[in-house]
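Descriptive structure summary
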Amino acid sequence: MTLIRDHLRLWRQSLLLLILALLATAAAADPAGRVGRIAWLSGSVHLHRADSGESAAVERNWPVSSGDLLSTASGARAEVQIGSAVLRLDSDSVLEFAQVDDHAVRLRLLDGRFSARLPFAESAREYELAVYDQRFKVRDAGHYRLDADRQKRAVTVYSGRLAATTRGRGLEIGAGQRLVFVDDGLANYRFSAPEDDEFAAWNVMRERQASARLLPYVSNEMTGAADLAAYGSWTEHAEYGAIWYPR
């Protein structure tokens, strides 16, 4: 009888360990609740997948997640939506989506030009923008731009506020300021007015064309929700509540 009880105890312990392992695996496999999507593109745009290590030409509505690299060829441009955020990548640019999940979004520009429109303060504060290894924490809703090439590296705040650390002290970049790096780090830098170039003009045009607006029926952080307004209309139903109809 003692031998039988010992076998039963070992069997229960093994079963418990198996259940715990399965639960841990299932939890680890749960996808992030926040992902990006290719909302618009022009020209040759490629996405390098972190999970598969493969690269392919993207199409509209492709998902973008942690570790992915988005690159644009000469003359190409792309627009990515993550919830209410609108990210725009200029031609000859490479953007790394270092982290995209429920906790934070970390974006790192490796080459070219990139802008981020973050319209809501609560979600904007979850963003970190980086040029190479220099990171900037978003402090408020706003419109931001990063530049990275052989001639210059810079970060621009059209509206909002960014924060960084240099020489052991905090550094803030406010609305209407452009921070230009003089060397490989923030040891030497200078402030200037925002650059007025073709990429800036294109961003203004895209802002005017955008149909995104406050949506009373769904969360503004639902990726792609703005397209609902562009392709259909909402109505209230007495029994089912808010219903969206495509046009």
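Not measured: the values here are computed from a predicted model. (Residues numbered from 1 in each chain as written. Predicted model: local features only at pLDDT ≥ 70, side-chain atom pairs only at ≥ 80, totals over all residues. Heavy atoms only, no water.)

1. So, the pattern of salt bridges
When their charged atoms lie close together, side chains carrying opposite charge are able to pair. In the structure shown here, the tally under the stated rule is 17 salt bridges. In this structure, Glu 195 engages Arg 145 in a salt bridge whose closest nitrogen and oxygen atoms are separated by 3.7 Å. Note that Glu 195 is positioned in the loop between strand E17 (189-192) and helix H3 (198-209) and Arg 145 in strand E12 (residues 142-148), a separation of 50 residues in sequence. Asp 197 is the salt-bridge partner of Arg 145, the closest N and O atoms lying 2.8 Å from each other. Taken as a pair, Arg 145 in strand E12 and Asp 197 in the loop between E17 and H3 lie far apart in primary sequence, 52 residues in all. A residue is classified by how much of its surface remains accessible, and Asp 197, at 21% relative accessible area, is partly exposed. A network of salt bridges, in which partner residues are shared, links Glu 79, Arg 88, Arg 117, Arg 206 and Glu 207. (Salt bridge = Lys/Arg side-chain N within 4 Å of Asp/Glu carboxyl O. Helix = DSSP H or I, 4+ residues; strand = E, 2+ residues; numbered from the N terminus. Buried < 20%, exposed > 50% of the residue type's maximum accessible area, 1.4 Å probe, protein only.)

2. Some details on the packing of aromatic side chains
Inspection of the entire model under this criterion finds four aromatic pairs. Seen from their ring centres, Trp 40 and Trp 202 are 5.7 Å apart, and the 40° between their planes marks the pair as tilted. With Trp 40 in strand E1 (residues 36-42) and Trp 202 in helix H3, this residue pair connects regions lying 162 residues apart in the sequence. A residue is classified by how much of its surface remains accessible, and Trp 40, at 26% relative accessible area, is partly exposed. Within the aromatic cluster, the residues linked to one another by ring pairs are Trp 40, Phe 199 and Trp 202. (Phe/Tyr/Trp six-rings, centres within 6.5 Å; stacked < 30°, edge-to-face > 60°.)

3. A short note on the pairing of strand E2 (residues 45-48)
Every second residue of E2 is oriented toward a common face, the buried set being Val 45 and Leu 47 and the non-buried set His 46 and His 48. Looking at chain direction, E2 and strand E5 (residues 69-72) are connected through four bridges and run antiparallel. Bridged to His 46 within E5 is Ser 71. The pairing of E2 with strand E3 (residues 55-57) spans three bridges and is classified as antiparallel. Each residue of the ladder has a partner; that of Leu 47, found in E3, is Ala 56. Joining the antiparallel neighbours E2 and E3 is a turn of six residues, in which Gly 53 adopts a positive phi near 75°. (Pairing = 2+ DSSP bridges.)

4. Points about unusual backbone geometry
Even without being a glycine, Asp 92 presents a positive backbone phi close to 55°. Within the secondary structure, Asp 92 sits in the loop between strand E7 (85-89) and strand E8 (93-100). Among the residues examined, Asp 92 registers a relative accessible area of 40% and is labelled partly exposed. Phi is positive for Tyr 132, which is not a glycine, with a value near 55°. Mapped onto the fold, Tyr 132 is located in the loop between strand E10 (127-131) and strand E11 (134-138). By relative accessible area, which is 29% here, Tyr 132 ends up partly exposed.

5. Some remarks on the side chain of Arg 113
Here Arg 113 is to be found in strand E9 (residues 105-118). Arg 113 gets classed as buried once you look at its relative accessible area, which sits at 19%. Each residue touching Arg 113, except ones within four places of it in the same chain, is listed here: Arg 88, Leu 89, Asp 90, Ser 91, Ser 93, Arg 145, Leu 146, Asp 147, Asp 149 and Phe 199. (Contact = heavy atoms within 4.5 Å.)

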